[in-house]
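Structure at a glance
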Amino acid sequence: MVRLHDTRTGEDLPLEAEQGERVGIYACGPTVYNRIHIGNARPYVVFSLLRRFLAHEGYAPVLVINVTDVNDKIYDAAGDRPSAELAAEMTRFYEADTELLGLGRPDHEPKAAETIGPIVGLIEELVNRGNAYECNGDVYFRVRSDPQYGALSHREVDAMDQGEGVEGSDRKEDPLDFALWKATKPGEDTSWDSPWGPGRPGWHIECSAMAEELLGVGFHIHGGGSDLVFPHHENEAAQTRCGRGAELAQIWMHNGMLQLGGEKMAKSVGNIERLADAVERWGRDTLVYFFSTAHYRQPIQYSDEALTQAATTVGRIRDFARGLDPEAASATELEGVREQFFAALRDDFNTPGALAALFEWIRLARARNETGGADLHAMLAVLGLENLFDAGREPTAEDLALLDQRQAARKGRDFAEADRLRD
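Residues numbered from 1 in each chain as written. Predicted model: local features only at pLDDT ≥ 70, side-chain atom pairs only at ≥ 80, totals over all residues. Heavy atoms only, no water.

The name an unreviewed UniProt entry assigns to the protein is Cysteine--tRNA ligase, from the organism uncultured Solirubrobacteraceae bacterium. As its UniProt record puts it under Sequence similarities (unreviewed entry), the protein is described as follows: "Belongs to the class-I aminoacyl-tRNA synthetase family." Recorded under Subunit (unreviewed entry), the UniProt text for the protein is reproduced unchanged: "Monomer." (UniProt positions renumbered as here; feature names shortened; annotations may be inferred.)

Written out as structure tokens, the structure is:
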């Protein structure tokens, strides 16, 4: 039985699904106003690997990772450019950068700008039920209308700050209320018609609508970084609970933050490394392995020392794996160790515990001169590292010429050309 930690209850809950049954997973994706950094990649990796594990366990996982392409940050970053143009460009970069991780695409990647109809419909239902109200073209959610508000983040309602600053404070019935729909303001170049006039959705309602549109209400797992528990996920849960009379998700699963120098990696802090640069520097295998070295719920320290150690370990696994036949069965004595690997993942997706079993498997296999690698291949595949069995190839003259051109472009600070050559 698979058990996952639920932020709302604080307990490890069983995954309530039968083998072969669809398991819906929704993870909050990026707001596309800039290139994503390596910290943004952690939830992408965690939930991509979770999908692989659940598929191995006989479920039919459906992974949804959205793109927030309508947001204040996009308006601010666009400057004189059309905001939709910036969002489209950064979405393309996001897709290309995450493609470098080699984990496949999510099953669905909805965009807020393409989900306006369902968003407006959910807001209308909240207004009709008395959980939301309109004022001068804005629509706000009545926080105190939800008796369970705060249950996810375990906060007292009166101690909460939505982070909206003074915006709309003169129009809100209560400072705790948050925006569902924002009337178009001077300088904003993108808007949609609505029953309350031209405007755009607030951030929180976008995800509630996108998740419901693709997975329905009451799907199995809602994921994202721990920095989203409040206000984003608290507000998502409240909107759906009040608008639909049911919980949005059964389990709320949150990954810890990537840290650099003891602080959360974030654009606002300035301690970031772009994902594309990190892949170039360390290689995708090292990065994907690195994310599994810490339990997903814990913070993980990003440092040259940690990545160097990860690169060394990956190299050793690769060297051993290449001497095995990935399709040949392993000795019976090793089956128990393989089971320990998957048992660790069933216990709140404990990847460090799984890695410990994997290393024990390698130790025993080396001691008995094992040649069958099917067990190891199955374990590595769940961790996104099945390619460590590949023999690889030497770089061609064309490869080396492209590398020289890219290095020259970087030296000349022509980063757009350097990115093109890297791709």
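Before going further, it helps to examine the domain arrangement of the protein. By a widely used convention, the size of an interface equals the accessible area lost when the partners come together. Domain annotation of the protein identifies domain 1 (3-255) and domain 2 (259-389). The gap between the C-alpha centroids of domain 1 and domain 2 is 30 Å. The interface of domain 1 with domain 2 comprises 32 residues on the first partner and 36 residues on the second. Across the domain 1 to domain 2 interface the summed buried area is about 3,000 Å²; carbon plus sulfur atoms make up 64%. (Domains from an automatic or database assignment. Contact = heavy atoms within 4.5 Å. Buried area = accessible area lost by both parts, 1.4 Å probe.)

Here the focus is the side chain of aspartate 348. Along the chain, the position of aspartate 348 falls in the loop between helix H10 (335-346) and helix H11 (351-367). Side chain to side chain, aspartate 348 and tyrosine 296 meet in a polar contact 2.5 Å long. Here aspartate 348 is in contact with Arg3, Leu4, His5, Asp12, His295, Tyr296 and Arg297, once residues within four sequence places are set aside. (Helix = DSSP H or I, 4+ residues; strand = E, 2+ residues; numbered from the N terminus. Polar contact = N/O pair within 3.5 Å; in protein donor to acceptor, adjacent residues only side chain to side chain.)

By definition, the strands of a sheet pair up through backbone hydrogen bonds, in either a parallel or an antiparallel sense. Read from one edge of the open sheet, four strands run E4-E3-E9-E10, paired in parallel fashion. Since the sheet does not close on itself, it has two edges, and those belong to strand E4 (60-65) and strand E10 (249-255), each with one partner. Strand-to-strand twist across the sheet, computed as the mean angle between neighbouring axes with direction ignored, equals 20°. The pairing of strand E9 (residues 219-225) with E10 spans six bridges and is classified as parallel. Bridged to phenylalanine 219 within E10 is alanine 249. With respect to the sheet, helix H5 (residues 203-215) is in contact with strand E3 (22-27), E4 and E9, its orientation differing from that of E3 by roughly 160°. (Pairing = 2+ DSSP bridges. Axes fitted to C-alpha atoms, helices over the stretch in contact; angles between N-to-C directions.)

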